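Per-entry structural report
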Amino acid sequence: MAQKVADKPVGDLTEAEARDELARLAESLSQANVAYHTEDAPEISDAEYDALKQRNIAIEDRFPALKREDSPTEQVGAPLAEGFSKVRHAVRMMSLGNAFEAEEVKDFDGRIRRYLGMSQFAELTYTAEPKIDGLSLSLRYENGTLVQAATRGDGTEGENVTANARTIDDIPQQLDGAAGGLPEVLEVRGEVYMSHADFAALNERQAARGGKSFANPRNAAAGSLRQLDAEITRARPLKFFAYAWGELSAPLAETQMGAIERLQALGFQTNPLTQLCDGPDEMIAHYRQIEEQRATLGYDIDGVVYKVNDLALQGRLGFRSTTPRWAIAHKFPAELAWTRLEGIDIQVGRTGALSPVARLTPVTVGGVVVSNATLHNEDYIAGRDAKGEVIRPDAEGNAKDIRTGDWVQVYRAGDVIPKVADVDLSKRPEEAQPYAFPHVCPECGSEAIREEGDAVRRCTGGLICPAQAVEKLKHFVSRAAFDIDGLGAKQVEQFYRDGWVKEPADIFELKARYGAGMQQLKNREGWGDKSASNLFDAIDERRKIELKRVLFALGMRHVGEVVAGDLAKHYLSWSAMIEAVDAALPAAERYRKAEAAVEDERKAAAAEGRRARIKETQDAVWAEEPTVPAEAKSAWNDLVGIDGIGATVAVSLVTSMNQEAERASIDRLVAHLDIQDAERPATEGSPVAGKTVVFTGTLEKMTRAEAKARAEALGAKVSGSVSKKTDILVAGPGAGSKETKARELGIEIMDEDAWLALIGG
DNA sequence: CGCCCTCGAGTTCC
DNA sequence: CTCGAGGGCG
């Protein structure tokens, strides 16, 4: 009874038609549900089921009055169109750094020893386990009972898939407390995957009833877990290996291996190939062994994960921005494929960057059909890197360029992003010409220039360029920026094409200007009364917004998510920041002028064969009349004094905010907003919050990097040199001029032990 | 001044 | 996910 989704647009339905269709849909969906509950061979495919459900929701959205008592969207276990609810991870789900070569594994070990201040010969044990190719899942247990399951998402926020996780046999609903009691809170993390055998059987079933088959076990696992209807997930043979944890009310063990054993005792499957290794040589040997067994394991793996075994050391090593320092994934070599390059297209990004994209004859690489691949930039096509070195040598060591018509080798970097790696010159068509990278923007015709030392060529059209304007708008509504529900990349693009939204401020004027017309106009494009009013509500909700989001959303060059956050944390309010940025303008312009003069001096000196007088050149420019006002200098110094912000970022920020057109657009936007002040770092109770600390001499209990990371976590600012702003100098043995200077300035000086006592370490 | 780490920006497929 | 570039440290 495979019912096709009716194809009449929802917007064109009459009320009578809608009522009939809702009745038919309720019938079909309920039959399909019964089929899933009672047998393993449903009558309609998941895709069809989903399509019917979506159709049902769309109609109900358009005709809310016609919603049936037995509406399929109200059924238990059937979340609504928005999909899964969002879940914030109590402890961030990190990703792992990668290594491809044995050498990089040794570097990893070396880095850890250096960070911990351990000698090359001190004993350091790691665990090594296969890296399962599935999707990670975080399971929250409270007093031993499963209360929530969440996907990784962006690491901070995932999707709530609790109902689906409950259908997986390997995931206990209730933990086994026999061995050592149950923790109050335990978040277990691991990988959901599908075995080769189950994958093949599933695809056979799908094919038998005309459903779409999955490209690989990972996609099958992901597709199965993320079913809106948990009963579909139940019918899918998913498995789970536990290998990590998030929030914990009590430690699981003292070592990684101990924790894995504890997870096993609690009732989880853990990977049998997990093993302890003493140092990189044993790790690499275990990697080779696992690689040999790869084909016979019965499930996909894409490498081996190494972790420092001692959990206390893991704690000391801590995290970089997205990855732990104490773990790394040693990946298997990527799968390669050859195909023909049909053409090269140029895309224009939000900063005007011209990016070449390869259009390929579709080819399967690692279980996925690839038809586009990145070519990076002008030099990459020519076969060179940014420094001009040959990256793709032919037999004589000359660079092999890439031409339309060539046979090219493609792989998926990190098993994700398709890249063109190599060219087969023996198969090059005779008529193939070297690729001429455009010097004119293909979107707006403006000149595209490449700044010295820059790898990318950029369109100079600014907001005149439709591609840049649209990309900027997409950035504005992106997740870390305004993140407006119902206003994604597609919608923004459409509004731009309609001429309704040309710059961010227009979004907040949509309702006033087009609200009335929109409901009718947009019906044909899938906008109903409901979705339009939902959108206006979502936009209104976002008028109140955090400072860092606004800064990031503006899309200024060099100001990404992190820098925007740093700026917000420093200035705390929009008005304070604007004031500072305006004040710093003369200094920023002078800095730029000085740098240009230095560049000229360098060239002149090189030509004349003498040493460049850099300091003198800089000083001369700064001394030029009119001199830069003291308040401009201090605003500038304050700005570049922020950790992570240097002159390049500062110049970009100050000048772009003071560009006339840009500023007008920003002012228009801000008038619509209620920008929330940033909170001072939440370090209440920390004795060093807001203090500036300098470390000098030899630290004996920890390394400098560690000391810095810990101090910053407590809200302190760590600086490299002593000034009158310094509050505390931590001096180890061998401290020299810094200690003298601190003494002169009357700054508090303490040794490492006193510091540790102060911060409660 | 050079090295290492982090951040920004651009990318593909589902 | 990767590359290039910016920033900080030795």
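Each residue is numbered by its place in its chain's sequence as written, counting from 1. Chain A is the first chain written and ligand 1 is the first ligand written, with later ones labelled in order. Side-chain atom pairs in this predicted model are given and counted only at pLDDT of 80 or more, local residue features only at pLDDT of at least 70, and totals for whole chains, interfaces and linings cover all residues. Note: side-chain values were computed over all heavy atoms of the structure, leaving out hydrogens and water.

Observations regarding the state of the cysteines
A pair of cysteine sulfur atoms is labelled a disulfide when the two atoms are within 2.5 Å. The final tally for this structure, using the stated rule, is zero disulfides. Cys444 forms no disulfide, and the closest cysteine sulfur to it belongs to Cys459, at a distance of 3.6 Å. Using a 1.4 Å probe on the protein chains alone, a residue whose accessible area is under 20% of its type maximum counts as buried, one over 50% counts as exposed, and one in between counts as partly exposed. Looking at Cys444, the relative accessible area reads 26%, which means it is partly exposed. With no disulfide of its own, Cys465 lies 3.7 Å from the sulfur of Cys444, the closest cysteine sulfur.

Describing a negative patch on the surface
Side chains of Glu123, Asp278, Asp281 and Glu282 sit close together on the surface and give a patch of like negative charge. With a relative accessible area of 57%, Asp281 lands in the exposed category. Nonpolar side chains (Val, Leu, Ile, Met, Phe, Trp, Tyr) are joined into patches within 5 Å and like charges within 9 Å, using only residues with over 30% relative accessible area and no salt bridge. Here the accessible surface of atoms and residues is derived via Shrake-Rupley with a 1.4 Å probe, and residues count as covered only by protein chains that are part of the display. Here, a salt bridge means any side-chain nitrogen of Lys or Arg that lies within 4 Å of a carboxyl oxygen of Asp or Glu. In this charge count, Lys and Arg are treated as positive and Asp and Glu as negative; neither His nor the chain ends contribute. Charge positions come from single atoms, namely NZ of Lys, CZ of Arg, CG of Asp or CD of Glu.

Examining the nonpolar core
Formed by 65 residues in total, the largest nonpolar core has its most connected members in Phe482, Ile507, Leu567, Trp574, Leu639 and Met657. Contacts are assigned to residue pairs that have any heavy atoms within 4.5 Å of one another. Ignoring sequence-local partners within four residues, the contact set of Leu639 consists of Leu567, Tyr571, Ile645, Ala650, Leu653 and Val654. In this text, buried Ala, Val, Leu, Ile, Met, Phe, Trp, Tyr and Cys residues form a nonpolar core when linked through side-chain atoms within 4.5 Å. Of all hydrophobic cores here, the second largest spans 33 residues; its members include Leu186, Met194, Phe199 and Ala259.

Digging into empty space enclosed by the protein
Method remark: on a 1 Å grid restricted to protein atoms, a set of points is classed as a cavity if a 1.4 Å probe fits but cannot get out and as a pocket if it is open with protein on both sides within 12 Å along at least five of seven lines; lining residues have an atom within 4 Å of a point. Grid points are joined across faces, edges and corners, and a volume is the space filled by probe spheres set on the points. Within the structure shown, the criterion is met by six cavities of 30 Å³ or more. Of the voids in this model, the largest cavity is the one considered here, and its volume is about 180 Å³. Surrounding the largest cavity, 16 residues form its lining, Lys472, Pro504, Leu554, Glu662 and Ser665 being those nearest its centre. Contributions of two or more residues to the lining of the largest cavity are made by helix H12 (466–476) and helix H23 (660–670). Three residue categories are used. Nonpolar comprises Ala, Val, Leu, Ile, Met, Phe, Trp, Tyr, Cys and Pro, charged comprises Asp, Glu, Lys and Arg, and polar comprises the others, including Gly. When grouped by side-chain class, the residues that make up the lining of the largest cavity number nine nonpolar, three polar and four charged. Numbering of helices and strands runs from the N terminus, with a helix taken as a DSSP run of H or I at least four residues long and a strand as a DSSP run of E at least two residues long.

What to know about the packing of aromatic side chains
Two aromatic rings from Phe, Tyr or Trp, using only the six-membered ring of Trp, form a pair when their centres are within 6.5 Å; if the ring planes differ by under 30 degrees the pair is stacked, by over 60 it is edge-to-face, and anything between is tilted. A complete count under the given rule lists twelve aromatic pairs for this structure. Arranged with centres 6.2 Å apart and planes meeting at 90°, the rings of Tyr435 and Phe437 form a pair that is edge-to-face. A residue is classified by how much of its surface remains accessible, and Tyr435, at 24% relative accessible area, is partly exposed. Here Phe476 and Phe482 contribute two aromatic rings whose centre-to-centre distance is 4.3 Å and whose plane-to-plane angle is 15°, an arrangement assigned as stacked. The exposure class of Phe476 is buried, given its relative accessible area of 1%. Its relative accessible area of 0% is what places Phe482 among the buried residues. Put simply, the rings of Tyr141, Phe240 and Phe268 touch in pairs and so form one group of aromatic residues. Of note, Arg392 hangs over the ring of Tyr380, and the distance from its end group to the ring centre comes to 4.8 Å. Put simply, a charge is over a ring when the Lys NZ or the Arg CZ is close to the ring centre, within 6 Å, and near the line of the ring normal, within 35 degrees.

So, the environment of Lys724
Inspection of the secondary structure puts Lys724 in the loop between strand S22 (717–719) and strand S23 (728–731). Along the primary structure Lys724 and Pro280 are separated by 444 residues, whereas in three dimensions their C-alpha atoms are 46 Å apart.

Structural notes on the pattern of salt bridges
Applying the stated rule across the entire model yields 31 salt bridges. Residue Glu159 pairs with Arg226 through a salt bridge whose shortest N-O separation is 2.8 Å. In this pair, Glu159 sits in strand S6 (residues 157–159) while Arg226 sits in the loop between helix H6 (217–225) and helix H7 (230–234), placing the two residues 67 residues apart along the sequence. On the accessibility criterion, Arg226 (41% relative accessible area) is partly exposed. With a closest N to O distance of 3.0 Å, Asp401 and Arg403 form a salt bridge. We note that Asp401, like Arg403, is buried.

Some details on the pairing of strand S3 (residues 125–132)
Of all the eight residues making up S3, seven are buried; the element is thus mostly covered by neighbouring parts of the structure. Pairing of S3 with strand S10 (residues 301–308) involves seven bridges; the strand directions are antiparallel. Within S10, the residue paired with Lys131 across the bridge is Gly303. DSSP-based pairing: two strands are paired if at least 2 bridges between them are found.

Focus: the sheet that holds S10
Within the open sheet, the five strands sit side by side as S2-S11-S10-S3-S9. Their pairing is mixed. Every interior strand has two partners, whereas the edge strands, strand S2 (97–99) and strand S9 (275–278), have only one. Recorded for the sheet is a direction-independent mean angle of 35° between the axes of neighbouring strands. Lines fitted to C-alpha atoms define the axes here, with helix axes fitted over just the stretch in contact, and angles between the N-to-C directions of these axes take values from 0 to 180 degrees.

Quick word on the sheet that holds S23
An order of S22-S21-S23-S24 is seen for the four strands of this open sheet, with the pairing classed as parallel. Looking at the sheet topology across the chains shown, the edges are occupied by S22 and strand S24 (748–750). Taking each pair of neighbouring strands and ignoring which way they run, the sheet shows an average axis angle of 30°. Strand direction decides the pairing type here: strand S21 (residues 692–696) and S22, joined by three bridges, are parallel. Residue Val693 lies in a different strand from S22, and its bridge partner there is Val718. In the packing of helix H26 (residues 752–759) onto the sheet, the strands contacted are S21, S23 and S24, and the crossing angle to S23 comes to about 130°.

A closer look at the confidence of the model for chain A
What pLDDT conveys is the predictor's confidence in a given residue, as a value from 0 to 100. Looking at chain A as a whole, the pLDDT averages 83, with 86% of positions reaching at least 70. Residue range residues 33–43 is modelled with pLDDT below 50. Its contacts to residues more than four positions away, or to other chains, number 16 contacts. In this model, residues 74–82 is a region of pLDDT below 50 whose contacts with residues beyond four sequence positions or in other chains number 15 contacts.

Some details on the side chain of Asp229
Tracing the backbone through its elements, the reader meets Asp229 in the loop between H6 and H7. Exposure remark for Asp229: the relative accessible area of 5% places this residue in the buried category. One polar contact links the side chain of Asp229 to the main-chain amide nitrogen of Glu231, over a distance of 2.8 Å. Polar contacts, as used here, are pairs of N or O atoms within 3.5 Å; protein pairs need one atom able to donate a hydrogen and one able to accept it. Residues neighboring in sequence count only if both atoms are side-chain atoms.

Focus on the packing of helix H19 (residues 574–608) against helix H20 (residues 614–623)
Between H19 and H20, the shortest axis-to-axis distance is 9 Å and the interhelical angle comes to 145°. Of the two elements, H19 crosses H20, and the hand of that crossing is right-handed. Residues Ala587, Arg590, Tyr591, Lys593, Ala594, Glu595, Ala597, Val598, Glu601 and Arg602 of H19 lie in contact with H20, whose contacting residues are Ile614, Thr617, Gln618, Val621 and Trp622. Of the residues assigned to the contact of H19 with H20, the class counts are eight nonpolar, two polar and five charged. Here is the rule for handedness: rotate from the far helix to the near one, and if that takes an anticlockwise turn smaller than a right angle the crossing is left-handed, while a clockwise turn gives right-handed.

A few points about H6
When H6 is considered as a whole, its buried residues turn out to be Pro217, Ala220, Ala221, Ser224 and Leu225. Relative to the axis of H6, the buried residues are bounded by an arc of 120° and lie together on one face. Looking at the buried positions of H6, the neighbouring elements they touch are strand S4 (135–142), strand S5 (145–151), helix H4 (162–165), strand S7 (185–193), helix H5 (196–208) and H7. Each C-beta atom gives one direction from the helix axis, and the arc is the one those directions make.

Structural notes on unusual backbone geometry
Note on backbone geometry: most residues besides glycine have negative phi, and most peptide bonds are trans. The peptide bond linking Glu625 to Pro626 adopts the cis configuration, its omega dihedral lying at -10°. One non-glycine residue, Asp483, adopts positive backbone phi at about 45°. Along the chain, Asp483 falls in the loop between H12 and helix H13 (489–498). Taking relative accessible area as the criterion, Asp483 reaches 30% and is therefore assigned partly exposed. Positioned with a positive phi, His558 is a non-glycine residue whose angle comes to about 75°. On the secondary structure map, His558 appears in the loop between helix H17 (547–553) and helix H18 (561–571).

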